[in-house]
Amino acid sequence: MKDIPALPVRVEIRLESDHVAVREGLRHLFTSPPLCNLSPDLRGSTEIVLAEVVNNIVEHAYLYDKGFIDISLIYAYPTLSFEIVDTGLPMPSTKLPAGDLVALDRSGELPEGGFGWFLIRNLARGLEYRRKSSRNILAFWMDAR
Amino acid sequence: MQLTANLRGDTLVIEALGDRICAASAIHFKDRMRELTQTECQRVLFDMSRVAFVDGSGLGAIVAVLKALAPQRKLELAGLTPTVQKVFRLTRMEQVFTIHDEMPQNLRYAC
């Protein structure tokens, strides 16, 4: 832990729903304070979760129409909390996906996808999803201790 | 995602020059790996030491390359950085791939 902010830090960023914009946006977010100052382990976990959440929005919520993805984070040590909002399609049955890992079958086919929600559920805490006024709102937090 | 390939003996060593294999580059990565692995060789070793980040799409693309090479050839990985290691460990893909901690000595690039 290089640098723990004394006061809560809030950052907001708006991304366009395409994979290249997302890659560049996340690169910027994770190389700027406060995320660039997290321990490498926490920074890695946070980047995995955020990338998977945002990729899912690009691929599913904005399947037909493009739109914006608004990420806001509050770092109030030891909690790093995120809220991600989009105006795309709701989650199926307006519920978070289960995120089960597809069984590995050495003699059969290996899965080439379906890792996203499994990774999110493994690494993020307090996942909450709600649909409100045609918006998807996903919140979670990371434990910075 | 830029890749370079060098044949060393019977091993095709492919090095990732970019730092991310993610949703933005997964399809291009798969296509490029397919081209590079046309070279005749017994094994393919992918040097990931410059790759700081792989997401689920990137992992899926690496699995697809493994499957495309099977059953004649294996895809071996080397130099996984900590976040990449974490993705492989959590998804249990580390049990599927042969993973070297670092590039085998005889296959390192002469500087």
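Counting from 1, residues in each chain are numbered in the order their sequence is written. All chains are assigned letters beginning with A, and all ligands numbers beginning with 1, in the order in which they are written. Totals for whole chains, interfaces and linings use every residue, but because this is a predicted model, local features are given only for residues with pLDDT of at least 70 and side-chain atom pairs only at 80 or more, for both listing and counting.

K.L.:
Sorry if this is basic, but what is going on with the overall build of chain A here?
P.N.:
Under the DSSP-based scheme used, a helix requires at least four consecutive residues in state H or I and a strand at least two consecutive residues in state E, with every element numbered from the N terminus. In terms of regular secondary structure, chain A is built from three helices and five strands. Sequence-ordered secondary structure for chain A, helices as α and strands as β, is β-α-α-β-β-α-β-β. The C-alpha radius of gyration computed for chain A amounts to 16 Å, which stays within 12% of the reference 15 Å derived for 145 residues, consistent with globular compactness. For chain A, the spread of C-alpha atoms along the principal axes amounts to about 50 × 40 × 25 Å. Two residues qualify as a contact pair if the distance between their C-beta atoms, derived from the backbone, is within 7 Å. In chain A, 67% of the contacts between residues at least 6 apart in sequence involve partners at least 24 apart. Using C-alpha atoms as the atom set, the radius of gyration is obtained and then compared with a globule rule of 2.2 Å times the number of residues to the power 0.38.

K.L.:
So what exactly am I meant to see when it comes to the nonpolar core here?
P.N.:
Nonpolar side chains in soluble globular proteins generally cluster together in the buried interior. Only buried Ala, Val, Leu, Ile, Met, Phe, Trp, Tyr and Cys residues enter a nonpolar core, and they are joined through C-beta atoms within 7 Å. The burial criterion counts other C-beta atoms lying within 10 Å of a residue's C-beta, which is placed from the backbone; the residue is buried at 20 or more, exposed at 12 or fewer, and partly exposed between these limits. Membership of the largest hydrophobic core comes to 63 residues, with the highest contact counts inside it found for Val 49, Val 53 and Val 54 of chain A together with Ile 21, Met 48 and Val 84 of chain B. The biggest single contributor to this core is helix H2 (residues 40-61) of chain A, with nine residues. Apart from residues no more than four positions distant in its own chain, Met 48 of chain B is found in contact with Ala 16, Leu 77, Ala 78, Gly 79, Leu 80 and Val 84 of chain B.

K.L.:
What exactly am I supposed to notice about the interface of chain B and chain A here?
P.N.:
How big an interface is tends to be expressed through the accessible area that disappears when the partners come together. Of the residues lining the interface, 21 residues belong to chain B; the matching set on chain A comes to 23 residues. If you list the elements that add at least two residues to the side of chain B that touches chain A, you get helix H2 (56-69) and helix H3 (82-90) of chain B. Tallying contributions element by element places H2 of chain B first for the side of chain B that touches chain A, with seven residues. Its residues assigned to classes, the side of chain B that touches chain A comprises 11 nonpolar, five polar and five charged. Only Asp, Glu, Lys and Arg are considered charged in this grouping, and only Ala, Val, Leu, Ile, Met, Phe, Trp, Tyr, Cys and Pro are considered nonpolar; every other residue, Gly among them, is considered polar.

K.L.:
Can you help me understand the pairing of strand E1 (residues 3-8) of chain B in this one?
P.N.:
For a regular strand, side-chain orientation follows a simple rule: the groups alternate between the two sheet faces. Residues and elements named next belong to chain B. Strand pairing is assigned whenever DSSP identifies at least 2 bridges connecting the two strands. One ladder, built from six bridges, connects E1 with strand E2 (residues 11-16); its direction is antiparallel. Looking across to E2, one finds that Thr 4 is bridged to Glu 15. Where E1 folds back onto E2 in an antiparallel hairpin, the turn is made up of two residues, including Gly 9, whose phi is positive at roughly 60°.

K.L.:
Looking at this structure, I do not really get the sheet that holds strand E3 (residues 79-86) of chain A. What am I missing?
P.N.:
Residues and elements named next belong to chain A. Here we have five strands laid out as an open sheet, ordered E1-E2-E3-E5-E4, and antiparallel in their pairing. Lying at the two open borders of the sheet, with one neighbouring strand each, are strand E1 (9-16) and strand E4 (125-132). Direction aside, the axes of adjacent strands within the sheet are offset by 15° on average. Pairing between strand E2 (residues 68-76) and E3: eight bridges, direction antiparallel. Counterpart to Tyr 75 in the pairing with E3 is Leu 80. Axis definition: a line fitted to C-alpha atoms, limited for helices to the stretch in contact. Angles are taken between N-to-C directions and run from 0 to 180 degrees.

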